[in-house]
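# Residue-level structure breakdown
Listed below, chain by chain, are the residues.
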Amino acid sequence: MENKATTWVIDPSHTEIMFKAKHLVISTITGKFEKFEGKTTSVSADFSDFKAEFTANIDSLSTGTPDRDAHLKSPDFFDAPNYPKLNFVSTGLKKNSDSELIMSGDLTIRGTTKNIDLKVEPTGIMVDPYGNTRAGFEINGKISRKEFGLLWNVVTETGGIMVSDEIKMLVNVEVIKQ
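Keep in mind the model is a prediction, meaning the values are calculated, not measured.

### Details of the layout of surface pockets
When its volume is computed, the largest pocket comes out at roughly 810 Å³. Along the walls of the largest pocket sit 44 residues, with Met-18, Phe-19, Phe-33, Ile-167 and Met-169 positioned nearest its centre. Split into classes, the residues belonging to the lining of the largest pocket amount to 33 nonpolar, 6 polar and 5 charged. The calculated volume of the second largest pocket comes to roughly 160 Å³. Lining the second largest pocket are Asp-46, Phe-47, Ser-48, Lys-95, Ser-97, Asp-98, Ser-99, Glu-100, Leu-101 and Pro-122. Grouping the amino acids of the lining of the second largest pocket by side-chain chemistry returns 3 nonpolar, 3 polar and 4 charged.

Below, the structure written as structure tokens:
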């Protein structure tokens, strides 16, 4: 008899999907997506075989500065009118250490799909006061924004750049067993 996969759905009220970029190489700007959905499926109780799917709404992007947010949603960056979603689908998982997994997957931004690796740290499984089983993960990785067609930049008078190519991704996710 084959074991059946269990589905776990992202709890948006207990999840943060963030990114960080260097500004002028001297400071870091943090942004986040406010609207997203996703799920994982796993046969094993320890998530050692889980698969993940995730979608973020580009129009929900927020850095705390409305003018910057509008620029990031424009054709210079994400081009939200033509590419309203960012998507990730896992393609593989391997154990990196006793406390960390490496999840490979296809990330699609602006219609460009690239395979990336993300570090995944399972942070535990608990039953909440209402009887729901929940699991947590901390996920992080880096991408080159230029590889996804986010090419806009400005060179300063001193030869520096306005926005770094390297973007750090940080995800704190809580999922609920269905």
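### Describing the nonpolar core
Formed by 39 residues in total, the largest nonpolar core has its most connected members in Phe-33, Phe-78, Leu-86, Leu-107 and Phe-137. Elements that contribute at least two residues to this core include exactly β1 (6-10), β2 (16-23), β5 (51-57), β7 (85-97), β8 (100-109), β9 (112-127), β10 (133-144) and β11 (163-177). Per-element tally for this core: the top contributor is β11, with 6 residues. Leaving out residues up to four positions away in the same chain, Leu-107 has contacts with Leu-86, Asn-87, Phe-88, Thr-112, Thr-113, Lys-114, Ile-116, Ile-143, Phe-148 and Met-169.

### What about the environment of Glu-100?
Examined against the element boundaries, Glu-100 turns out to sit in strand β8. Placed 10 residues apart in sequence, Glu-100 and Arg-110 show a C-alpha to C-alpha distance of 30 Å. Contact partners of Glu-100, with chain neighbours within four places excluded, come to Lys-95, Lys-119 and Val-120. Within polar-contact distance, the side chain of Glu-100 engages the side chain of Asn-96 at 2.5 Å.

### Quick look at the side chain of Asp-128
The topology assignment puts Asp-128 in the loop between β9 and β10. What makes Asp-128 buried here is its relative accessible area of 14%. Within polar-contact distance, the side chain of Asp-128 engages the backbone nitrogen of Tyr-130 at 2.8 Å. There is a polar contact of 2.8 Å between the side chain of Asp-128 and the side chain of Arg-134.

### Regarding the pattern of salt bridges
Overall, the coordinates contain 5 salt bridges when judged by the stated rule. Glu-34 is paired through a salt bridge with Lys-32; the nearest N and O atoms lie 3.8 Å apart. Exposure remark for Glu-34: the relative accessible area of 44% places this residue in the partly exposed category. The class of Lys-32 is partly exposed, set by a relative accessible area of 40%. The partner of Asp-98 in a salt bridge is Lys-95, with the nearest N and O atoms 3.6 Å apart. Relative accessible area serves as the criterion here: at 59%, Lys-95 is assigned to the exposed category. The structure contains a network of salt bridges with shared partners spanning Asp-11, Asp-128, Arg-134 and Glu-174.

### As for the environment of Ser-60
Topologically, Ser-60 is positioned in the loop between β5 and β6 (61-62). For the pair Ser-60 and Glu-100, spaced 40 residues apart in the sequence, the C-alpha separation amounts to 30 Å. With sequence-adjacent residues up to four places away left out, Ser-60 is seen in contact with Lys-32, Phe-33, Glu-34 and Lys-35.

### A look at the pairing of β1
The pairing of β1 with strand β4 (residues 36-42) spans 4 bridges and is antiparallel. Bridging from a neighbouring strand, Thr-7 pairs with Thr-41 of β4. The pairing of β1 with β11 spans 3 bridges and is classified as antiparallel. Paired with Ile-10 across the bridge in β11 is Val-175.

Reading guide: rules and limits
Residues numbered from 1 in each chain as written. Predicted model: local features only at pLDDT ≥ 70, side-chain atom pairs only at ≥ 80, totals over all residues. Heavy atoms only, no water. 1 Å grid on protein atoms, 1.4 Å probe; cavity = no way out; pocket = protein on both sides within 12 Å on 5 of 7 lines; lining within 4 Å. Points joined across faces, edges and corners; volume = space filled by probe spheres on them. Nonpolar A, V, L, I, M, F, W, Y, C, P; charged D, E, K, R; others polar. Core = buried A, V, L, I, M, F, W, Y, C linked by side-chain atoms within 4.5 Å. Buried < 20%, exposed > 50% of the residue type's maximum accessible area, 1.4 Å probe, protein only. Helix = DSSP H or I, 4+ residues; strand = E, 2+ residues; numbered from the N terminus. Contact = heavy atoms within 4.5 Å. Polar contact = N/O pair within 3.5 Å; in protein donor to acceptor, adjacent residues only side chain to side chain. Salt bridge = Lys/Arg side-chain N within 4 Å of Asp/Glu carboxyl O. Pairing = 2+ DSSP bridges.

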